[in-house]
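Overview (structure and organization)
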Amino acid sequence: MKNTIFTGAGVAIVTPFNADGSINFDGFAENLEYQINNGTDAIIVCGTTGEASTMTDDEHIECIRFAVERTKGRLPVIAGTGSNDTRYAAELSKTAQDLGADGLLLVTPYYNKASQKGLVAHFGKIAECVDIPIILYNIPGRTGVSIDISTYKTLSEFKNIVAVKEASGNISYTSKLIAECGDRLDVYSGNDDIIVPMMSIGAKGVISVLSNIMPKETHDMTQLCLDGNYPEAAALQMKYLNLINSLFIEVNPIPVKEAMNYMGMPSGECRLPLCTMTEANAEKLKAAMKNAGLI
């Protein structure tokens, strides 16, 4: 059995921007404290929700450094260091390790994709360059490539490849993954709308967008699952399902950053090519937030 990085709700934290597009580090500090004070179990920095794809190298590294130094070991910090360039991902992963990150999140190569053989070579090369634990990130809807179960089994033989963020939305597929890999790979839901179903078949928690605006509620939902109280967990899942769906009414992280702006939290706009929501979708999001008591 490998060491579990965290159980419960890890927040895929947004990167707040100032009006001029620069990173708002004061706001980032405020958001980190808000997460810690409301029960979040891990911070995932520079992921999809954190808009790492539009950061410069210096910004990416500084965000990881800032998150590690600000949290001061109060909870794990997992750094997104994936790339479609294996050499770049390996170097960034080594840098994140040197900065004190507790783990890495590595997305599948995008655009150039990779064969299953290529995925083993890609992730294996990165794993050999670092000692800290790695979470693989399977999100075929964004990357155009999915990790086969047989590939997961092969990758699980690497001592520091310990988990996967499974964001295919396919519970049947995840069931097969858990059945085949057992305790060699922890699984985290990558979808907020199926946290409870995923945990009911063995997932250890979620890497969550919802946690940006409802960290306590998301933590509570996962803790109820960990405690075996699935009826109450399911009730929370259903209670917030409309809000969760509204957070994905446009491409993530557009809606969640808009929601944070409505709540007066540090967020700002997304960097182009992501833009502000349409007026119609913004009204739907506001209605869902009002119904959830957030505004």
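Below: a short report on this structure. (Residues numbered from 1 in each chain as written. Predicted model: local features only at pLDDT ≥ 70, side-chain atom pairs only at ≥ 80, totals over all residues. Heavy atoms only, no water.)

**Some details on the sheet that holds strand 7 (residues 186-189)**
The sheet built from eight strands closes into a barrel, its strands ordered 1-2-3-4-5-6-7-8 with parallel pairing. On average, adjacent strands in this sheet sit at an angle of 25° to one another, irrespective of strand direction. As defined by bridge partners, strand 1 (residues 8-12) adjoins strand 8 (residues 205-208) across four bridges and the pair is classed as parallel. When the sheet's bridge partners are listed, Val11 is paired in strand 8 with Ser208. Against the sheet, helix 2 (residues 57-71) contacts strand 2 (42-45) and strand 3 (77-80), and its axis sits at roughly 175° relative to strand 3. (Pairing = 2+ DSSP bridges. Helix = DSSP H or I, 4+ residues; strand = E, 2+ residues; numbered from the N terminus. Axes fitted to C-alpha atoms, helices over the stretch in contact; angles between N-to-C directions. Contact = heavy atoms within 4.5 Å.)

**Comments concerning the side chain of Thr222**
Relative to the helices and strands, Thr222 is located in helix 9 (residues 215-226). Once residues within four sequence positions are removed from consideration, Thr222 is found in contact with Gly8, Ala9, Asp41, Ile195, Met199 and Val206.

**Let's talk about the packing of helix 2 against helix 3 (residues 86-99)**
It is at 9 Å that the axes of helix 2 and helix 3 come closest, and there the two elements cross at 30°. Considering the angle they form, helix 2 stands roughly parallel to helix 3. You can see that helix 2 and helix 3 cross each other, and the crossing is right-handed. In this structure, helix 2 contributes Asp57, His60, Ile61, Ile64, Arg65 and Val68 to the contact, and helix 3 contributes Tyr88, Leu92, Thr95, Ala96 and Leu99. Residue composition of the contact of helix 2 with helix 3, by class: seven nonpolar, two polar and two charged. (Parallel < 35°, antiparallel > 145°, perpendicular 65-115°, else oblique. Left-handed = near helix turned anticlockwise from the far one by under 90°. Nonpolar A, V, L, I, M, F, W, Y, C, P; charged D, E, K, R; others polar.)

**Description of the environment of Met199**
Examined against the element boundaries, Met199 turns out to sit in helix 8 (residues 195-200). Classification of Met199 as buried rests on a relative accessible area of 4%. Along the chain, Met199 and Ile161 lie 38 residues apart, while their C-alpha atoms are 20 Å from each other. If sequence neighbours within four positions are ignored, Met199 has contacts with Lys204, Gly205, Thr222, Cys225, Leu226 and Tyr230. (Buried < 20%, exposed > 50% of the residue type's maximum accessible area, 1.4 Å probe, protein only.)

**Some remarks on the packing of aromatic side chains**
Aromatic rings considered in pairs are described by the distance between their centres and by the relative angle of their planes. Under the criterion given, the structure shown has three aromatic pairs. With 5.6 Å between their ring centres and 20° between their planes, Phe28 and Phe66 make a pair best called stacked. Here Phe66 lies in helix 2 and Phe28 lies in helix 1 (residues 25-37), a separation of 38 residues in the sequence. We note that Phe28, like Phe66, is buried. By the ring-pair criterion, three or more aromatic residues cluster together here, those being Phe25, Phe28 and Phe66. (Phe/Tyr/Trp six-rings, centres within 6.5 Å; stacked < 30°, edge-to-face > 60°.)

**Focus on unusual backbone geometry**
The omega torsion across Asn252 and Pro253 is 10°, close enough to zero to call that bond cis. Looking at the secondary structure, you find Pro253 in the loop between helix 11 (241-246) and helix 12 (254-262). Geometrically, the link from Leu272 to Pro273 is a cis peptide bond, its omega value of 20° lying close to zero. The backbone of Glu51 shows a phi angle near 60°, a positive value even though the residue is not glycine. Its relative accessible area of 3% is what places Glu51 among the buried residues. The phi torsion at Lys113 lies on the positive side, around 60°, for a residue other than glycine. Secondary-structure assignment places Lys113 in the loop between strand 4 (103-107) and helix 4 (116-129). Note on Lys113: relative accessible area 43%, which makes it partly exposed.

**Overview of the state of the cysteines**
Taken as a whole, this structure holds zero disulfides when the rule is applied. Of all cysteine sulfurs in the structure, the one in Cys46 sits closest to Cys129, which takes part in no disulfide; the separation is 19 Å. (Disulfide = S-S within 2.5 Å.)

**A short note on the packing of helix 1 against helix 2**
Contact geometry for helix 1 and helix 2: axes closest at 10 Å, N-to-C directions at 45°. When the axes of helix 1 and helix 2 are compared, the pair comes out oblique. Crossing of helix 1 over helix 2 shows right-handed handedness. Listed contacts from helix 2 to Phe25, Phe28, Ala29, Leu32, Glu33 and Ile36 of helix 1 are Glu62, Cys63, Phe66, Ala67, Arg70 and Thr71. Considered class by class, the residues forming the contact of helix 1 with helix 2 number eight nonpolar, one polar and three charged.

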